[in-house]
Each structure stands twice: as C-alpha cells, then as structure tokens.
Amino acid sequence: MVQQYEISLPPFSRGYHPITRLIEEKLGSLPDAGLVNLFLRHTSAAITINENADPDVPRDLAYATDKLVPDNDPGYIHTIEGSDDMPAHVKSSLISVSLTIPVTRKKLNLGTWQGIFLCEFRNRGGSRKITVTVYS
Amino acid sequence: MVQQYEISLPPFSRGYHPITRLIEEKLGSLPDAGLVNLFLRHTSAAITINENADPDVPRDLAYATDKLVPDNDPGYIHTIEGSDDMPAHVKSSLISVSLTIPVTRKKLNLGTWQGIFLCEFRNRGGSRKITVTVYS
Amino acid sequence: MVQQYEISLPPFSRGYHPITRLIEEKLGSLPDAGLVNLFLRHTSAAITINENADPDVPRDLAYATDKLVPDNDPGYIHTIEGSDDMPAHVKSSLISVSLTIPVTRKKLNLGTWQGIFLCEFRNRGGSRKITVTVYS
C-alpha cells in the first residue's frame, strides 16, 4: 500500500534546520512496518540525518560543508544566480535530496540521537517542498 | 507490485551527463503512485539529481568534485588502475550509487529544475548498467 | 510484503569495513524481486558501497574522507565529545546512513566489484545497529 503527499516547509535561513517534528506532524497514520521516502524537489538544498541533541552540531555541519565547498570559487562558470548558487548545487549532490527511513510500530524508527535536517544552502532559498511516499 | 529490469547506458566521457530522458524512455508503464529505485552497478561512477537547465551546472559540478577529490593524490596506495581510479571510488561513495525517486500520476515526480545525471568519474568508464526497481 | 529486523554489528576500528557477507548471513529468505533498505541508527558512522576486491580501496577511502574532513578543525564549536566526533558527524552526512539495494532472484543484486562497507568514523565507535527492511 502506498500513501503519497507533498509537504511545504516554511522558508529557512542558510544552514541546517531540524525538521523531524514538522515531518512527523504532517505524516498521517503510519503502518506497523514500512518505509518513508522523503524527496526534496529542489537542487540547491538537501535532506540529511544527524545528531539532534546539541544545536552546535547543525551549526558545525553548515560550517564544515561551506568550508568544503566555498562560495566565490573563481573556477565556476554558472555564476549568474549569485555566489551562493553553484556551491549550493554541489552541496545538494554531496548530501542528497532523497532519504529513506524505516517505519516500525507506526513511528519513524530513528536512532536515539538521530533527527532529520533540512540543509538550506541558499542565502534566501524560500519555501521548500518535500514529496513524502509511505510504503507498507 | 514490483517490476525490475536493467538499463545499459552508452559510454560517457568523464563528467556529469543528463540521463532523465534516457531513463524515462526505458521505464515501462509507471504506477499512479510509487517509487523508482535506480541502482548503479559500479564503484567508480555515481547517480545524482541536480539542475537540468543550464549545461554549465553539470560542468561546474564535475569541476567542484574533481577539485574536492583531485587525481594524483600522493597519499593513495591503490594506484595500479590509473590516477583517475581511486579518486573515482571516493567520489562514488560521496555522491552514491542508489537513488530513490517518487512516481506520481504515472511519471517520475521530479521538481521543476531537477534532472537525473550519471556522474562518470573515470576517463574511460565504458558502458554503465543501472538496475531499475519500480514499486507500486 | 515487508520484513523488518535489526542487526548488531561487532565493534569496528576507525576505517571502512566490508560487511556484505555479515549482512547476507543475517538476511533471511529474500524475495524473487524487491529491495532491501539498510538504515544505520547512528550519526557518527555511515554505510556505503564500493570496490570489494583490493583492501587498499577501503584504506584509501578512509584516508580520503579523513583528509577532506580533518580532525581538530579549529572552527568547530561541538568539541566536547572529542576531536574525532564532529568530523564523524560531517562524514556521516556526506556518505549517508540509508542505503537501498535491489534484490533479484533471492539475492542482493550487487555489481561484480561492489561490496557494502560500514564507515566507522569514531576512534571507538562501539557496536553499531542497522535496521533492515525487505520489500517484495
């Protein structure tokens, strides 16, 4: 059985933002066992799982990926959309836009320290949309 | 219901190549709602989703990942298959060989600017094979 | 049809470790066609697919990702859990904790050279748990 729907996130500032609670609120009744696929419909942001306890972790994740793929690299040709655009595309491919999470006993079966994060790589990315597909 | 088959891609030069149309042509009739998993059966290439409008984007993606993981790093031990081999393995793990995409109303449900790309990291990678699994 | 269970891995040292055989032994009877999702319940390790022939490849993969995201970056704020902790979180998001693999004729349908690796990014990560979900 497949359930599928779209979630619109509020606009987030550049950085990594916890969205586990927001996703769980939007998910309808989940199956006893299954999978949820989250698919972000954008090319300059990403979805990841990481530590959900200390807010310094998402801050340092943003620092580290911005350092790996800095703005204003003089080697880029695609610069017309701004100095944050092409690095956002690179980070989107490194982190990924598709994430599959198990469902167990009607809940997202995340590990103790795991949370879902939206990685907003643009300075002003606006509202982002996720297609949710639930399998049981 | 599961459908499964293999797609052989034509040989591509080193770089990021749009394959959305090629994949869509090979996909049979798709379900009203479901998921497609694309699994690349190789360890020196990858599959990603990124901007499908400006051809400078895949060019800059290749530039950026080649800069992150340069050829001829003197720290590599596995060099017998050529200076492009070990960096190709590293980039394959960074980008990933498995990609899950939602299907909605019998079509791949990609965002407006999204396309699927084969990331060929070898200088002469030859034909690459993808196992396609469709769930409905 | 969904089958789901948890696998506990033995503790591994820092580095990339082949776990294909271990996973295959734990998998029960697999379907004729389907998908297996492996979901690592941790935020300082990852799962990837790469070359399973030459042991220098996982060694060089660890070298390359440690070089990309070095320990002791003075820009990190989250340092209380040790100099290997925050870089482990970054590498976990770059490589990913969720991996979907096709099943064909009752077996994991990996390419000739492909194997599954646990990427242990902590110096002493301890035993890691994977939630396995099999779809047919």
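Residues numbered from 1 in each chain as written. Chains lettered and ligands numbered in written order. Predicted model: local features only at pLDDT ≥ 70, side-chain atom pairs only at ≥ 80, totals over all residues. Heavy atoms only, no water.

Caption draft 1: Region of the structure containing the packing of helix α2 (residues 56-68) of chain A against helix α3 (residues 85-95) of chain C. At a closest axis distance of 10 Å, the pairing of α2(A) and α3(C) adopts a crossing angle of 70°. Our classification of the angle between α2(A) and α3(C) gives roughly perpendicular. Note that α2(A) runs across α3(C); the crossing there is right-handed. Residues A:V57, A:D60, A:L61, A:A64, A:T65 and A:L68 of α2(A) touch α3(C), and the partners they reach there are C:M86, C:H89, C:V90 and C:L94. Residue classes in the contact of α2(A) with α3(C) are distributed as seven nonpolar, two polar and one charged. (Axes fitted to C-alpha atoms, helices over the stretch in contact; angles between N-to-C directions. Helix = DSSP H or I, 4+ residues; strand = E, 2+ residues; numbered from the N terminus. Parallel < 35°, antiparallel > 145°, perpendicular 65-115°, else oblique. Left-handed = near helix turned anticlockwise from the far one by under 90°. Contact = heavy atoms within 4.5 Å. Nonpolar A, V, L, I, M, F, W, Y, C, P; charged D, E, K, R; others polar.)

Caption draft 2: Quick look at the relation of the copies chain C and chain B. Each copy of the sequence occupies a distinct position, and chain C is placed on chain B by a rotation of 120° and an axial shift of 0.0 Å, giving an RMSD of 0.0 Å. Seen this way, the second copy is the image of the first under a three-fold rotation axis. If distances are taken from each C-alpha of chain C to the rotation axis, the shortest is found for C:L94, at 3.4 Å. A share of only 12% of the interface residues of chain C reappears at the interface of chain B, consistent with the copies meeting through non-equivalent patches. (Least-squares fit on C-alpha atoms with pLDDT ≥ 70 in both.)

Caption draft 3: Region of the structure containing the sheet that holds strand β6 (residues 107-108) of chain A. If you trace the five strands from one edge of the open sheet to the other, you get β1-β8-β3-β5-β6 (chain A), paired in antiparallel fashion. Of all the strands in the sheet, the pair left with one neighbour each is β1 (2-8) and β6 of chain A. (Pairing = 2+ DSSP bridges.)

Caption draft 4: Region of the structure containing empty space enclosed by the protein. Scanning all chains against the criterion turns up three cavities of 30 Å³ or more. When its volume is computed, the largest cavity comes out at roughly 460 Å³. Together, 36 residues line the largest cavity, and A:S96, B:S96, B:S98, C:S96 and C:S98 are the ones closest to its centre. Its residues assigned to classes, the lining of the largest cavity shows 18 nonpolar, 18 polar and no charged. Residue lining of the second largest cavity: A:L35, A:V36, A:N37, A:T100, A:T133, A:Y135, B:L35, B:T100, B:Y135, C:L35, C:T100 and C:Y135, and that is the complete set. In terms of residue count, strand β3 (residues 33-40) of chain A provides more of the lining of the second largest cavity than any other element does, three residues in total. Of the residues belonging to the lining of the second largest cavity, the class tally is seven nonpolar, five polar and no charged. (1 Å grid on protein atoms, 1.4 Å probe; cavity = no way out; pocket = protein on both sides within 12 Å on 5 of 7 lines; lining within 4 Å. Points joined across faces, edges and corners; volume = space filled by probe spheres on them.)

Caption draft 5: Highlighting the interface of chain B and chain A. Taken together, the contact between chain B and chain A spans 33 residues of the former and 27 residues of the latter. Considering only the surface of chain B that becomes buried against chain A, B:D60, B:L68 and B:Q114 emerge as the three largest contributors, covering 19% of it. Applying the counting criterion to the chain B and chain A interface returns one salt bridge. Put simply, A:D73 and B:K67 hold a salt bridge, and the shortest N to O gap is 2.7 Å. Counting the contacts that link chain B with chain A gives 20 residue pairs in polar contact (both at pLDDT 80 or more). At the level of elements, β3 (33-40), β4 (45-51), α2 (56-68), α3 (85-95) and β5 (98-104) of chain B are the ones that each hand at least two residues to the side of chain B that touches chain A. Examining the composition of the side of chain B that touches chain A, we find that 10 residues originate from one element, α2(B), more than from any other. (Buried area = accessible area lost by both parts, 1.4 Å probe. Salt bridge = Lys/Arg side-chain N within 4 Å of Asp/Glu carboxyl O. Polar contact = N/O pair within 3.5 Å; in protein donor to acceptor, adjacent residues only side chain to side chain.)

Caption draft 6: Structural detail: the sheet that holds strand β2 (residues 13-18) of chain B. Residue and element names in this part refer to chain B. Read across the sheet, three strands follow the order β2-β7-β4 without closing on themselves; strand pairing throughout is antiparallel. Strand pairing shows two members of the sheet lacking a second neighbour, β2 and β4, which therefore form its edges. Here the average twist between neighbouring strands, direction ignored, is 25°. Sheet topology note: the β2/strand β7 (residues 114-124) ladder contains five bridges and is antiparallel.

Caption draft 7: The side chain of A:H89, seen in detail. Its location among the elements puts A:H89 in helix α3 (residues 85-95). Every residue in contact with A:H89, bar those within four places of it in the chain, is listed here: A:T43, A:S44, A:H78, B:N50, B:E51, B:V57 and B:L61.

Caption draft 8: Spotlight on the relation of the copies chain B and chain A. Mapping chain B onto chain A calls for a screw motion: a turn of 120° about the axis and a shift of 0.0 Å along it, with 0.0 Å RMSD after fitting. Comparing interface residues between copies, only 12% of those in chain B also sit at the interface in chain A, which points to a heterologous contact through distinct surfaces.

Caption draft 9: Region of interest: the pattern of salt bridges. A full pass over the atoms with the stated rule returns 30 salt bridges over all chains. C:D66 serves as the salt-bridge partner of C:K91, at 2.6 Å between the closest nitrogen and oxygen. Remark: C:D66 occurs in helix α2 (residues 56-68) and C:K91 occurs in helix α3; sequence separation between them is 25 residues. Taking the relative accessible area as the measure of exposure, C:D66 reaches 26% and is therefore partly exposed. Among the ionic contacts, a cluster of salt bridges with common partners joins A:R14, A:D66, A:D71 and A:K91. (Buried < 20%, exposed > 50% of the residue type's maximum accessible area, 1.4 Å probe, protein only.)

Caption draft 10: Just the pairing of strand β7 (residues 114-124) of chain A, in detail. Residue and element names in this part refer to chain A. Burial of β7 is extensive: nine of the 11 residues sit out of reach of the surface. The sheet contact formed by strand β4 (residues 45-51) and β7 spans seven bridges and is antiparallel. Opposite E51, over in β7, you have Q114 as the bridge partner.

Caption draft 11: Molecular detail of the environment of B:H89. You can call B:H89 buried: its relative accessible area is 1%. When the C-alpha positions of B:H89 and B:A45 are compared, they lie 7.4 Å apart, and in sequence the two are 44 residues distant.

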